[in-house]
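The lines below spell out each chain.
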Amino acid sequence: MNDTLNLLIGLAMGLNLLALGTSRLPVLIRTVAVQGVLLGLLPLVLEVHALDWRLVLITLATVAGKGFLIPYMLTRAMRAANIARELEPFIGYIPSLLLGAGGTIAAVALTRYLPLLPEHTGNLHVPGAMALILTGFILLIGRTKAISQVCGYLILENGIYLAGLLLISSTPILVEFGILLDVTVGVFVIGIIVDRIQRAFDSLDTRKLTALHE
Amino acid sequence: MPIYIDIVLRLLLWLLLAPLLPGVINKVKAWVAGRQGPPVLQLYFDLARLWRKGVVLSTLASPGFIIAPAVAWTAVVTAALLLPLAGTGAAFSFDGDVLLLVYLLALARFCTAWGAMETGSAFEGMGAAREVSFAVLAEIGIITAVLTLVVQSGSIALSSMFEPLSGPGAALLAVGLFIILLAENCRVPFDDPNTHLELTMIHEVMVLDHSGPPLAMILHGAAVKLMLFAVFLAQAVLPLSELPLLISVAALAGSVLLITVAVGLVESLTARLAFKRVPLLLTIGFLFCLFPLILTWMGES
Amino acid sequence: MNAYLLIIIPLAGAVLAALWPHKGTRPLLLPAVGLTHTLLCLLLLVKPPVVDPAAWLAFDPLARAILPGVSLLFLICAWYAVGYLRLKEQDNRVFVPALLLVLGLLSAGHQARHLGILWIATEAVTLACVPLIHFSGTPRSFEATWKYLLVGGTGIALSLLGSICLGYASLHGGGSGDITFTALLAHGPDLSRAWVLTAWVLLLVGYGTKMGLAPMHTWKPDAYGESPGIVGALLAGGVTSVAFMALLRVKSVIHAAGVGAVADRTLLAIGLFSTLIAALFLLRTRDFKRMLAYSSVEHMGILCIASSLGAPGVWAALFHVWSNGLTKGALFLSAGNLQRAADSSSIDEVRGMSKVLPRSSLLLVTGMFAITACPPFGPFFSELLIVRTGLAAGQGWAMGLFLVCLLLAFFGLSRIVFAVVDGSPRRKKTNTSPFRESAGLILPPIFLLAASLWLGLFTPDLLKSAWSAAVLQLFPTP
């Protein structure tokens with residue numbers, strides 16, 4: 001179980017780096033989708049000995065939402081805005097890659113000093129969550145196109161979801177569903193706003209959103 | 001068997017088998033393109049032909065122009081002798097020989113660059129600058145991969161360094177070392193060996209002015225270097241030390257062949273990267289080598 | 001059951017409004033639902049229900065102390081909305097349901113006794129406010145909405161992480177990882193210290209972003225500046241109170257875990273920082289809607305300062321939630337009138353409004369005096385109580401800094417309000433019909449100011465006992 005867990009989370013962490021290094025938006029969106037699917041499968045792995053229909057349901061909903069519905073909405077927004085590439089971001093590709101890698105290493109190193117329950121030590125669960133959150137922040141802060149920032153937000157949410165899985169045995173299903181619903185609706189709303197911004201400013205370059213200031 | 005016979009046999013193995021690899025690559029590329037392609041033994045015929053030819057020397061060049069290919073070839077072959085071959089051990093083995101290997105490869109590159117700049121032509125200088133700048137980034141990758149193996153096995157002698165890594169670590173290291181292999185051996189997507197436009201050459205432009213036997217040494221040295229990296233990659237990733245001797249040698253041969261075919265496929269199917277994107281791919285290769293290091297570190301504690 | 005009704009009625013109203021075919025009569029649903037909601041809240045205020053400790057949603061003493069005020073604010077704003085939406089030619093098919101949705105979700109958030117439900121409600125409120133903020137449809141409003149979404153979304157994500165850390169603290173301490181406040185309080189001393197502190201920092205940053213504390217306040221001037229007056233009033237009075245209540249609930253858990261001193265110190269620091277930043281920006285802003293946003297930041301800082309002063313401080317903070325909410329509501333509504341008439345909110349373009357809209361200008365001036373703690377309005381009494389509590393708790397320097405910031409804020413606010421109100425109005429090509437101050441647009445702010453006045457002068461004993469009961473819930477051991 002630990003090995004499958006490490007494999008899935010390790011792949012997700014690898015996808016982090018792909019997200020940080022790519023400049024093409026379709027690749028970024030697909031990366032986030034695959035990461036969502038990988039993490040969505042984790043409840044089945046973690047609770048493999050206590051499977052029940054609710055767990056399967058939440059897994060299916062997460063995979064469907066993060067893997068298909070949300071990327072579909074983002075792709076639609078991207079097509080409507082007719083962009084496919086990121087411009088030179090604030091934090092360049094190589095610095096973001098190195099920051100992300102450095103953060104991942106730091107996460108692995110720091111986890112040793114956190115007080116963890118015995119079943120969570122020695123695997124990639126907590127470092128993975130920290131690495132995903134850091135990657136999400138780097139993308140959120142460092143990119144200029146609105147859709148890239150949204151992808152950063154989604155990776156941040158993935159990291160928090162991974163952290164939330166630490167409590168999987170005690171979190172009620174309703175709460176899980178509520179959180180998933182909120183994230184999905186959030187992306188839907190963001191998609192609408194992105195569309196409106198595109199129509200109003202004729203660009204999704206957030207550096208153009210500077211009219212409001214003191 | 002006596003040590004000198006062992007060394008001679010290994011030397012012959014490396015020298016004679018190395019030219020096969022570029023032949024295999026070209027054959028794969030031809031098949032993918034739907035052609036017959038040159039015979040697999042083509043490089044042997046090329047080397048023999050070049051050996052019989054005379055040398056065209058520039059009047060500006062110093063004796064360094066002739067010495068450089070010789071020193072480079074010697075360095076590469078010595079480095080190859082340091083590599084163990086799947087349980088049969090290496091020709092020379094001592095603690096820290098991996099550092100000597102890295103430095104010998106660097107020496108070879110230095111000599112090639114020196115030889116290139118001897119002619120005083122602008123293209124060669126440009127190629128040398130590009131090659132060396134990419135090599136710096138590739139070196140980080142190799143050092144990290146070596147560090148991973150050192151931490152995993154606990155020894156810094158090449159003959160005992162190739163302990164098997166855990167599954168994901170081996171996969172990551174394989175990809176990382178493959179990217180480094182492509183970079184160091186000037187293959188697509190870093191450099192196109194078939195280009196005839198000097199402005200787009202990196203490695204080719206450095207050997208543009210050589211002819212005759214020195215050119216033969218350069219081509220042969222490149223083949224040995226490719227085989228060196230392939231053998232290194234195969235042994236770093238596959239758990240060859242756990243298999244019985246004959247099977248491990250056969251597995252090594254098979255995997256070197258597989259790596260060569262993979263290089264050929266990558267050359268056929270991908271396009272060459274724009275220069276400013278090469279550092280990005282090399283950083284990615286470095287990171288692919290870095291993560292097995294973290295995994296082994298984590299596994300240690 | 002009644003607690004759930006408070007949530008279901010507005011949500012049902014939202015669905016009804018979304019399906020309602022007539023644009024003209026749709027806004028009437030707002031005061032209808034609002035009145036029902038407020039009456040129900042008052043009923044529960046007078047006769048508090050018995051709270052099941054294990055319930056996830058319940059009208060517990062803390063909700064009883066705050067929710068009726070939010071409900072009253074919504075009712076008055078709903079009354080204003082009828083007159084306001086009549087003037088707007090845009091379709092209100094999304095605006096009215098969104099407002100009702102916000103009311104329902106605010107009720108859920110206030111009554112949430114489970115960290116997860118609290119988070120879901122707060123995030124949903126964030127999303128429900130989005131169509132409200134860009135109602136005017138200008139590019140500037142989309143820019144404001146984008147910043148609101150991104151900063152607010154990140155903050156909310158961090159508060160979810162904080163909630164998870166708190167749950168893990170319980171799990172690590174041998175508990176079940178149950179994140180209802182009852183369970184967390186019961187396990188108080190067992191909670192793992194490191195995780196509790198991490199959780200506190202994350203939750204403070206997360207819910208502090210929602211409240212608009214500095215330095216996470218950057219979305220506030222843009223969002224409040226570009227959204228309609230009603231939305232500003234609700235955001236400043238209702239949404240911030242949910243976030244503040246979340247902080248109060250979490251703080252009680254931190255106290256139970258034994259690291260309450262750290263929480264108090266951080267709250268005091270961030271509160272003072274917010275008031276200072278707000279005061280400094282008030283001195284330089286040139287827009288009267290953004291001025292209100294900075295005033296909101298300042299008052300959130302005041303709430304934090306108050307809640308760091310122990311039980312009497314929290315009592316004063318609850319008093320201030322009411323007085324701030326009501327007064328801010330009046331300010332936002334009258335400022336909305338002025339902006340609508342002058343078609344701008346910058347003091348470079350708006351002048352002499354006392355001649356154009358005499359009643360709204362008078363309300364703005366009165367509201368400004370009220371919010372800067374001029375007696376006999378509510379904020380004066382609540383802020384006076386906070387200062388006295390602070391001095392009694394030995395925080396002399398902090399109170400001194402606090403008073404200086406209040407003074408600077410007064411300079412900033414009065415500067416802008418008088419610049420807008422005095423002088424002679426600019427000549428504009430009036431091809432649009434002049435803005436008439438109908439009763440529906442003037443009476444609501446008057447009512448809110450009167451409520452604030454009444455709260456200050458004759459604070460009802462019912463409210464006082466409600467606040468005391470809430471404080472008792474938060475600090476169970478004296």
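Summarised in this report is the structure supplied together with it. (Residues numbered from 1 in each chain as written. Chains lettered and ligands numbered in written order. Predicted model: local features only at pLDDT ≥ 70, side-chain atom pairs only at ≥ 80, totals over all residues.)

Attention now moves to the overall build of chain A. Looking only at helices and strands, one finds eight helices and zero strands in chain A. Projected onto its principal axes, the C-alpha coordinates of chain A cover approximately 55 × 35 × 35 Å. Out of the 214 residues belonging to chain A, those deemed buried represent 48%. Considering only contacts within chain A whose residues lie at least 6 apart along the sequence, 77% involve residues at least 24 apart. (Helix = DSSP H or I, 4+ residues; strand = E, 2+ residues; numbered from the N terminus. Buried ≥ 20, exposed ≤ 12 C-beta atoms within 10 Å, placed from the backbone. Contact = placed C-beta atoms within 7 Å.)

Turning to the overall build of chain C, a few remarks are in order. Looking only at helices and strands, chain C has 19 helices and zero strands in total. Computed over its C-alpha atoms, the radius of gyration of chain C comes to 21 Å, within 12% of the 23 Å expected for a compact globule of 478 residues. Principal axes of the C-alpha set define a box for chain C whose edges measure 70 × 55 × 40 Å. Sorting the 478 residues of chain C into buried and exposed places 64% on the buried side. Taking the contacts inside chain C whose residues are at least 6 apart along the sequence as the reference set, 81% of them involve residues at least 24 apart. (Rg over C-alpha atoms; globule rule 2.2 N^0.38 Å.)

Attention now moves to the environment of T59 of chain B. All names here are of chain B. Residue placement: T59 occurs in the loop between α3 (42-52) and α4 (64-82). You can call T59 exposed: it has 4 C-beta atoms within 10 Å. Expressed as a C-alpha distance, the spacing of T59 and V249, which sit 190 residues apart in the sequence, is 48 Å.

Our next topic: the interface of chain C and chain A. Contact with chain C, which involves 34 residues of that partner, is made by 32 residues of chain A. Those elements that place two or more of their residues in the side of chain C that touches chain A are α5 (115-133), α6 (139-172) and α9 (219-226) of chain C. The biggest single contributor to the side of chain C that touches chain A is α6 of chain C, with 19 residues.

Taken together, the contacts link 10 residues of chain B with 13 residues of chain A. When the residues that make up the side of chain B that touches chain A are grouped by side-chain class, the tally is eight nonpolar, two polar and no charged. (Nonpolar A, V, L, I, M, F, W, Y, C, P; charged D, E, K, R; others polar.)

Before going further, it helps to examine the packing of helix α15 (residues 358-371) of chain C against helix α18 (residues 439-457) of chain C. Residues and elements named next belong to chain C. It is the contact of α15 with α18, at a shortest axis distance of 11 Å, that shows an interaxial angle of 25°. Classed by the angle they form, the pair α15 and α18 counts as roughly parallel. In the packing of α15 onto α18, the handedness of the crossing is left-handed. Facing α15, whose interface residues are R359, S360, L363, T366, G367 and A370, α18 presents I442, P445, I446, L449 and S452. (Axes fitted to C-alpha atoms, helices over the stretch in contact; angles between N-to-C directions. Parallel < 35°, antiparallel > 145°, perpendicular 65-115°, else oblique. Left-handed = near helix turned anticlockwise from the far one by under 90°.)

A word on unusual backbone geometry. Residues and elements named next belong to chain C. With an omega of 0°, the peptide bond between A214 and P215 qualifies as cis. For P215, the location among the structural elements is in the loop between α8 (193-211) and α9. Residue P376 is reached from P375 by a cis peptide bond, and omega for that bond is 5°. Structurally, P376 can be placed in the loop between α15 and α16 (378-392). Within the chain, D343 stands out as a residue other than glycine whose phi angle is a positive 60°. On the secondary structure map, D343 appears in the loop between α13 (310-342) and α14 (353-356).

So, about the nonpolar core. By size, the foremost hydrophobic cluster in this structure holds 345 residues, and its most contacted members are M227 and L233 of chain B together with V102 of chain C. Ranked by the residues each element gives to this core, the list is headed by helix α9 (residues 212-237) of chain B, at 19 residues. Leave out the neighbours within four places in its chain, and L233 of chain B touches A174, L177, F178, L181 and I259 of chain B. (Core = buried A, V, L, I, M, F, W, Y, C linked by C-beta atoms within 7 Å.)

All names here are of chain C. One can find G208 in helix α8. Owing to 28 C-beta atoms within 10 Å, G208 belongs among the buried residues under this scheme. For the pair G208 and G237, spaced 29 residues apart in sequence, the C-alpha to C-alpha distance is 15 Å. When near neighbours in sequence (up to four residues on either side) are disregarded, G208 contacts L213, M216 and I270.

Turning our eyes to something else, we now look at the packing of α16 of chain C against helix α17 (residues 396-421) of chain C. All names here are of chain C. Packing of α16 against α17 brings their axes to within 8 Å, and their N-to-C directions diverge by 155°. In terms of their interaxial angle, α16 and α17 are classed as roughly antiparallel. When the axes of α16 and α17 are compared, the crossing they make is left-handed. Counted together, V387, G390 and L391 of α16 and G396, A398, M399, F402 and L403 of α17 form the full contact between these two elements.

What follows deals with helix α2 (residues 25-40) of chain A. Residue and element names in this part refer to chain A. Between its terminal C-alpha atoms α2 stretches 22 Å, which fits the 22 Å expected from 16 residues at 1.5 Å a residue. Taken together, the buried positions of α2 are occupied by L25, L28, I29, T31, V32, A33, Q35, G36, L38, L39 and G40. Among the structural elements, α1 (2-21), α3 (42-46), α4 (53-81) and α7 (146-164) are those in contact with the buried residues of α2. (Expected span 1.5 Å × (residues − 1).)

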